[in-house]
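Each chain, letter by letter, is given below.
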Amino acid sequence: MKSSDIKKTAVSGLLIALDVLFTRVLAINTPVMKIGLGFLAVALCGALYGPVWAAVCGALGDFLGSLIFPTGAYFPGFTLTAAITGLIFGFLLKKYSVGKALTAAALNVVLVTFLANTAMIAYISGAEYSKLLGTRAVQIAVMLPVQAVALAVILPVIMKGIRRNGNI
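Computed from a predicted model, the values in this text were never measured in an experiment.

S.K.: Requested: an account of helix α5 (residues 98-125), with residues and values cited.
M.R.: The end-to-end C-alpha distance of α5, which contains 28 residues, comes to 37 Å, matching closely the 40 Å that a straight helix rising 1.5 Å per residue would cover. Where α5 bends most, the angle comes to about 30°, and this point is Asn 117. Along α5, the positions that sit buried rather than exposed are Ala 101, Ala 104, Ala 105, Asn 108, Val 109, Val 112, Thr 113, Phe 114, Asn 117, Thr 118, Met 120 and Ala 122. Contact partners of the buried residues in α5: α4 (76-93) and α6 (129-165). Gly 126 occupies a position one or two residues after α5 and carries a positive phi of about 80°.

Here it is as structure tokens:
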């Protein structure tokens, strides 16, 4: 294994750990939604290494998080949507721009969080999809600005720090 592959694997492992920490431990849980920053670790992986690595990072973060901090039975549908989040971030953030960051936030929140994750919840709970969409609209109204600000403001600061301190 080349030194660069070892470094990429190690950094990805750290980002997976941050994903789990920010999603499962440091997230704010309310009766209606969960607000966490785990997506930022997956977005950073996407910006650094592209869509495949970010998809793996997102999927492993979800899988390990569900094993270490279970909130119910493991369901692979959420691991799939976590991988899709990585793909979105990897494709759009590999060549970073604020416009691409805002597009990534919008696509992730609407397609993954709102539509796909709601479908997964409907499937495992037996609830009606259309009724769940109404209740989950609140989460979208909160998470879209959170992700947009994080990807447009915080991610470039992290990337600048990484570039200043050496390649990862």
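S.K.: Lay out the pattern of salt bridges in plain terms, naming residues and giving numbers.
M.R.: Working definition: two side chains of opposite charge can pair if their charged atoms are close together. This model, assessed by the stated rule, comprises two salt bridges. The partner of Arg 24 in a salt bridge is Asp 62, and the shortest N-O contact between them spans 3.4 Å. In this pair, Arg 24 is assigned in helix α1 (residues 3-25) and Asp 62 in helix α3 (residues 51-68), connecting sequence segments 38 residues apart. We classify Asp 62 as buried; its relative accessible area is 16%. In this structure, Lys 131 engages Glu 128 in a salt bridge whose closest nitrogen and oxygen atoms are separated by 4.0 Å.

S.K.: Break down the environment of Leu 48 for me, with residues and values.
M.R.: As for its placement among the helices and strands, Leu 48 is situated in helix α2 (residues 38-49). Here Leu 48 falls in the buried class, since its relative accessible area comes to 14%. Separated by 111 residues in sequence, Leu 48 and Met 159 place their C-alpha atoms 8.4 Å apart.

S.K.: Tell me about α6, and please be specific about residues and values.
M.R.: With 37 residues, α6 extends just 47 Å between its outermost C-alpha atoms, more than 12% less than the 54 Å of an ideal straight helix rising 1.5 Å per residue. Maximum bend of α6: about 40°, positioned at Thr 135. Two residues or fewer after α6 comes Gly 166, characterised by a positive phi angle close to 115°.

S.K.: Could you give an account of the environment of Thr 23, naming the residues involved and the relevant values?
M.R.: Note on placement: Thr 23 falls in helix α1. Accessibility expressed as a relative area gives 23% for Thr 23, which makes it partly exposed. Separated by 14 residues in the primary sequence, Thr 23 and Leu 37 have C-alpha atoms spaced 6.2 Å apart. Discounting chain neighbours no more than four positions away, the residues touching Thr 23 are Lys 34 and Gly 38.

What counts as what
Every residue gets a number counted from 1 within its own chain, in the order that chain's sequence is written. The predicted nature of this model means local features are confined to residues of pLDDT at least 70 and side-chain atom pairs, given and counted, to a pLDDT of 80 or more, with totals for whole chains, interfaces and linings taken over all residues. The side-chain values count all of the structure's non-hydrogen atoms but skip hydrogen atoms and water molecules. Segments assigned H or I by DSSP are reported as helices when at least four residues long, segments assigned E as strands when at least two residues long, and all are numbered from the N terminus. To estimate the expected span of a helix, subtract one from its residue number and multiply by 1.5 Å. Each residue is assigned a bend, namely the angle between axes fitted to the seven residues that terminate at it and the seven residues that start at it. Throughout, exposure labels follow a simple rule: accessible area from a 1.4 Å probe, protein chains only, divided by the maximum for the residue type, with under 20% read as buried, over 50% as exposed, and the rest as partly exposed. The contact definition used throughout considers only heavy atoms, calling two residues in contact when any of these lie within 4.5 Å. Salt bridge, as applied in this entry: a Lys or Arg side-chain nitrogen positioned within 4 Å of an Asp or Glu carboxyl oxygen.

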